Number of protein chains: 2
Amino acid sequence: MAEADHSGPRNLANGKTRIDFQTEPARYRHWKLAVDGDIATLTMDVDEKGALFEGYELKLNSYDLGVDIELADAIERLRFEHPQVRAVVLRSGKPRVFSAGANIRMLAGATHAHKVNFCKFTNETRNGIEDFAENSGVVTICAINGTAAGGGYELALAADHILLVDDGSSAVSLPELPLLAVLPGTGGLTRVADKRKVRRDHADVFCTTEEGVKGKRAVEWRLVDEVVPGSKFDDTIMARAREFAGNSNGASRQGIQLTPLTRTIAADAAEYSSLSVEFNRAARLATITVRGPQTPPPASADAMQAQGAAFWPLRLARELDDAILNIRLNELDIAAIVFKSSGDPAAVLACEKFLDANKDHWLSRQIRNLWKRVLKRVDLTSRSLVTLIEPGSCFAGTELAFASDRSYMLIGTREGDNKPPAAIALSDANFGPYPMSNGLTRLACRFLANPADVDAAKAERATMLDAERAQQLGLITFALDDIDWDDEVRVFLEERASFSPDALTGMEANLRFAGPETMESKIFARLTAWQNWIFQRPNAIGEEGALKRYGTGQKPVFDTKRV
Amino acid sequence: MAEADHSGPRNLANGKTRIDFQTEPARYRHWKLAVDGDIATLTMDVDEKGALFEGYELKLNSYDLGVDIELADAIERLRFEHPQVRAVVLRSGKPRVFSAGANIRMLAGATHAHKVNFCKFTNETRNGIEDFAENSGVVTICAINGTAAGGGYELALAADHILLVDDGSSAVSLPELPLLAVLPGTGGLTRVADKRKVRRDHADVFCTTEEGVKGKRAVEWRLVDEVVPGSKFDDTIMARAREFAGNSNGASRQGIQLTPLTRTIAADAAEYSSLSVEFNRAARLATITVRGPQTPPPASADAMQAQGAAFWPLRLARELDDAILNIRLNELDIAAIVFKSSGDPAAVLACEKFLDANKDHWLSRQIRNLWKRVLKRVDLTSRSLVTLIEPGSCFAGTELAFASDRSYMLIGTREGDNKPPAAIALSDANFGPYPMSNGLTRLACRFLANPADVDAAKAERATMLDAERAQQLGLITFALDDIDWDDEVRVFLEERASFSPDALTGMEANLRFAGPETMESKIFARLTAWQNWIFQRPNAIGEEGALKRYGTGQKPVFDTKRV
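So, here's what we can say about the structure. If you're wondering where the values come from, they're calculated on a predicted model, not measured in any experiment.

**Describing the overall build of chain A**
So, step 1. Of regular secondary structure, chain A possesses 22 helices and 20 strands.
So, step 2. A globule of 563 residues ought to have a C-alpha radius of gyration of about 24 Å, and chain A, at 24 Å, matches this closely.
So, step 3. Here chain A, with 563 residues, has 65% of them falling under the buried criterion.
So, step 4. Carbon and sulfur atoms form 49% of the exposed surface of chain A, whose accessible area is close to 19200 Å².
So, step 5. Across chain A, 68 positive and 77 negative side-chain charges occur, with their mean positions spaced 5 Å apart.

In structure tokens form, the structure reads like this:
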């Protein structure tokens, strides 16, 4: 891990004013993506001078959000541009070091909000790697050629198979607690306990041992899958990749190109090809208006492939993802995201039907997988989420209304407006392909008390439902007529913006996830919530705390009270 | 809710220097316990002047830890002293108010550690009420005769059936977020979502509406089970109690008396009849030495009943519970609890066997239920837990070693000591009756990776296992011989005390609970961790925060950044 820092929040490097989540392999500074037949190699070779913020260097393959944005992009490219790939090798481009983890100077100088959102994004990236194996059958092999400390080992934990070089010194470690008084918060503790299923006392020893665990013990304790002598390291990596790739039947698949988003960003708005974002900073609102497709679905899977990144559901998913991330990281003062839509619900349903009919086609599957992950990102966004369903909207088969904390639907028409009354429609998409991180569909989670309500909703698939019917079915929160609409919505949004942002974050994180927990949801609940608490504690971030004092030669001074 | 407070941490009332968890009905100041055949009535009638700390009054049936200690005691008395009871009515002794919830002045003036431990204890009490229904078939009916706000409604949520008077004004509410910028953290959010299964958008509206929900909507939204006109309120309560008590076949059961604990507390030690606690304040350690039974188990269930509270397993459970609670609330500087034992393992096993043979007897069942809850309390104690297994110890069939973060076992004998080598033994008690809050036995959780390891351990029940064998079976963390023992244990405990207390709390809360989550475990993970975070945030506890400003007429000022 690199040196600590003692200054305040930082400026973005290179005079930038916002964090951009869009990149492409030609612009990567920290990763190399190489594809050879059905095996891809992702090499981490962090450019020390390529930090996202001013004031620290990314030594020893340590990372910040900028590094992880490239990793997330690379995984996305593999999904869409290289569908023939069946195994991914994750390795380091630096000798004797895999990764020193999240950069400590970056962490020590970051605002609380940035630390929390940085961890959230990196967690989502790692969940995406696991989803790649689980839902696309693409196995990730992590080859640890030296130190894998903290976030470095946490990245390895996201892989399906971990090789560690057996050279008498290379070790995996989670030194966050002994060194920095924080947690391995990028899934580390949860993956050690729930994925690797390390025995709890071994995990206790491991997570309190600064130097980590190496060699045979690392295998015995289930921390890595195998240790390999240096002389056989490269051969073994490729043998495993070959083995996991199997007799690939996707080798002949042609990918599509993830072309750059069509996007213009102004001071109070962002315009994409399929959605608009409007910021009302005085009211602390961001309104995202999604536009339905302008054309019917393609005539065939081949035609879909020919449309590529221009195909409406894919385009919208990528644009929505970017819009949400922009709000999360760059627009901290926004209290609520309001979802609206405009377009023809029948056209949306036709698109959904097309995807469902072609669900065995790799591109259709990847588009749905992307939607699933974007919707999970929405669920985990710590802003109040509201859907407004008005005349002219096209909320059909989409999950945004059910991902929202509340939805309001207008009854009938608006005075002086000739748009037809608002209607929503359900489709098969609401009953399976887009589970939440707790494993339930949003409707199953919504109707936890009465599973029969899910069936009742299912029976109405593809029916256009007006406000009264939608309310009878429990699909919306409030149905309001034109007379009440403006006032009720305004009062609600004003009230929301008046509440404590922290309490809203905590409340929403609890109420959105009724029912079971999974490893993934545990990462964002049990682990993240504890880490956020610790990120506020003087023992970590105070002037005498461990995160501040790391690298100074001064020992931290702790308040010894256990809470 | 009562007025807010603006002062610092408080002194205990009446010149007390420690919080005592022992009480009895004759000493209650806040509750009345009345038993009539198979129906008990618990009446909350909080004495305004009876606060645990100086500086606030318990108006409107608001409560502090002292009030909850009496409630916990009353439930315990029902279990053991009144086993004929099949239904409990929870009601208020004050007109038009059920309970205003946790006292806000108490909260605003409490240390962070006290707030967190207060919530933990009250959560455990409410889980105990639910356990009473689930595992003893004793149903709790909550009769809300007026305002039930915040913690007042959270108490109701622990009941199996909630009646609300329908008088046009009485409402249930969770006003924590709008009024105080904190969460309903005594299980409120989790029980609304996971127990009452309130639809998430309704829950959102409910938890942000200061005045709460009343009448028909409270039933429709599943917040209460029925609303009853005032004129029929008392009759309906008793009718429901009668109905839930059913055709009681326990009416003739005789209880035992929970006699006061045999306990002497000195400056650096606490002595109980079956265990000793020794405080080494310099090393920040509490050593709890459990003593095995001195006599064989009773000859029959009748003989057990005749022994009553003196019966070793019951006595030990009550004493251990008291010792743990004392450390939690009164000994905040203690970093680690070290469990030791002394006695004859065969005598412990004989006792466990007796309980198992009589598992259908009400007293045996209640003793095991008590052990289950005490062990859960241990799991949830935010101190490092260590078991030292030495010659002369009697860790047989007990779960303490498996509840610990680590265990050390001495190989062979100690020089200059004639005690036989340490041995541990498993019993049926390790494989079922004492699940953790996540629903797994501690061994199932320990061996999550290889369920076959549970079977291998099970096959060795009642065999005395020496250190090497215990280690082979994965039952202990380290086996050490006499030469290494003192140094290794000392170095470990010194190191533990050197780490950040907060980071240890977070790490242990993650590593102890591998595997599934339940509603109960979600309360202590997702909900509590978020609440602890919020309890640290300036928006709640800062000088301009909502908790500090409540009741002053000044509005809180919030940092509007969403995290």
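**Describing the nonpolar core**
So, step 1. One finds Tyr 153 of chain A together with Tyr 153 of chain B to be the most contacted residues of the largest nonpolar core, which totals 223 residues.
So, step 2. Not counting residues up to four positions away in its chain, the partners in contact with Tyr 153 of chain A are Ala 148, Ile 162, Val 172, Ser 173, Leu 174, Val 192, Phe 206 and Leu 223 of chain A.
So, step 3. Within the second largest apolar cluster, 48 residues are counted, among which are Leu 275, Ile 324, Leu 355 and Tyr 434 of chain B.

**Focus on the packing of helix 20 (residues 519–534) of chain A against helix 19 (residues 501–511) of chain B**
Helix-helix packing is described using two parameters, namely the angle between the two axes and the distance between the axes.
So, step 1. Between helix 20 of chain A and helix 19 of chain B, whose axes approach to 10 Å, the crossing angle comes to 175°. Judged on the interaxial angle alone, helix 19 of chain B and helix 20 of chain A are roughly antiparallel. Here Arg 526, Leu 527, Trp 530, Trp 533 and Ile 534 of chain A of helix 20 of chain A come into contact with helix 19 of chain B, specifically with Asp 502, Ala 503, Thr 505, Gly 506, Ala 509 and Asn 510 of chain B.
So, step 2. Across the contact of helix 20 of chain A with helix 19 of chain B, the residue classes tally to six nonpolar, three polar and two charged.

**Comments concerning the pattern of salt bridges**
So, step 1. Inspection of the entire model under this criterion finds 110 salt bridges over all chains.
So, step 2. A salt bridge links Glu 352 of chain A to Arg 368 of chain A; the shortest N-O distance between them is 3.1 Å. Residue Glu 352 of chain A is found in helix 12 (residues 345–357), and its partner Arg 368 of chain A is found in helix 13 (residues 362–379); the two are separated by 16 residues along the sequence.
So, step 3. Taking the relative accessible area as the measure of exposure, Glu 352 of chain A reaches 12% and is therefore buried.
So, step 4. In the salt-bridge network here, residues are joined through shared partners; they are Arg 200, Asp 204 and Arg 562 of chain A together with Asp 405, Arg 406, Arg 496, Glu 508 and Arg 512 of chain B.

**Remarks on helix 19 of chain B**
So, step 1. The buried count for helix 19 of chain B comes to eleven of eleven residues, which makes it a mostly enclosed element.
So, step 2. Residues of helix 19 of chain B that are buried include every one of Pro 501, Asp 502, Ala 503, Leu 504, Thr 505, Gly 506, Met 507, Glu 508, Ala 509, Asn 510 and Leu 511 of chain B, and no others.

**Focus: the relation of the copies chain A and chain B**
So, step 1. With an axial shift of 0.0 Å and an RMSD of 0.0 Å, the rotation relating chain A to chain B amounts to 180°. Within this description, the copies of the chain are treated as partners about a two-fold rotation axis. Residue Trp 533 of chain A, judged by its C-alpha, is the member of chain A lying nearest the rotation axis, at 2.1 Å.

**Let's talk about the sheet that holds strand 8 (residues 147–149) of chain A**
Residues and elements named next belong to chain A.
So, step 1. With respect to topology, four strands assemble into an open sheet ordered 5-8-10-11, the strand pairing being mixed. Since the sheet does not close on itself, it has two edges, and those belong to strand 5 (97–99) and strand 11 (213–214), each with one partner.
So, step 2. Examined bridge by bridge, strand 10 (residues 171–173) and strand 11 share two bridges and lie antiparallel to one another. Paired with Val 172 across the two strands is Val 213, which belongs to strand 11.

**Digging into the interface of chain A and chain B**
So, step 1. Taken residue by residue, the interface counts 87 residues in chain A and 87 residues in chain B.
So, step 2. For the pair chain A and chain B, the summed buried surface comes to about 8300 Å²; carbon and sulfur atoms form 57% of the total.
So, step 3. Sorting the residues of chain A by area buried against chain B places Arg 200, Arg 526 and Arg 562 of chain A first, and these three jointly supply 14% of that buried surface.
So, step 4. Linking chain A with chain B are 16 salt bridges, by the criterion used here.
So, step 5. We note a salt bridge from Glu 508 of chain B to Arg 562 of chain A, for which the minimum N-O separation is 2.6 Å.
So, step 6. Residues that form the side of chain A that touches chain B fall into these classes: 41 nonpolar, 20 polar and 26 charged.

**Digging into the packing of helix 6 (residues 188–195) of chain B against helix 20 (residues 519–534) of chain B**
All names here are of chain B.
So, step 1. At a minimum axis distance of 9 Å, the contact between helix 6 and helix 20 shows a crossing angle of 140°. As the angle between them shows, helix 6 and helix 20 are arranged oblique. In this structure, the crossing between helix 6 and helix 20 has a hand that is right-handed. Note on element contacts: helix 20 touches helix 6 through Met 519, Lys 522, Ile 523 and Leu 527, opposite Gly 188, Leu 189, Thr 190, Arg 191, Asp 194 and Lys 195.
So, step 2. Split by residue class, the contact of helix 6 with helix 20 holds four nonpolar, two polar and four charged.

The rules we used
Residues numbered from 1 in each chain as written. Chains lettered and ligands numbered in written order. Predicted model: local features only at pLDDT ≥ 70, side-chain atom pairs only at ≥ 80, totals over all residues. Heavy atoms only, no water. Helix = DSSP H or I, 4+ residues; strand = E, 2+ residues; numbered from the N terminus. Rg over C-alpha atoms; globule rule 2.2 N^0.38 Å. Buried < 20%, exposed > 50% of the residue type's maximum accessible area, 1.4 Å probe, protein only. Areas by Shrake-Rupley, 256 points an atom, 1.4 Å probe, with all protein chains shown as cover. Lys, Arg positive; Asp, Glu negative; His and termini not counted. Charge placed at Lys NZ, Arg CZ, Asp CG, Glu CD. Core = buried A, V, L, I, M, F, W, Y, C linked by side-chain atoms within 4.5 Å. Contact = heavy atoms within 4.5 Å. Axes fitted to C-alpha atoms, helices over the stretch in contact; angles between N-to-C directions. Parallel < 35°, antiparallel > 145°, perpendicular 65-115°, else oblique. Nonpolar A, V, L, I, M, F, W, Y, C, P; charged D, E, K, R; others polar. Salt bridge = Lys/Arg side-chain N within 4 Å of Asp/Glu carboxyl O. Least-squares fit on C-alpha atoms with pLDDT ≥ 70 in both. Pairing = 2+ DSSP bridges. Buried area = accessible area lost by both parts, 1.4 Å probe. Left-handed = near helix turned anticlockwise from the far one by under 90°.

Interpretation in functional terms is not warranted from these geometric data alone.
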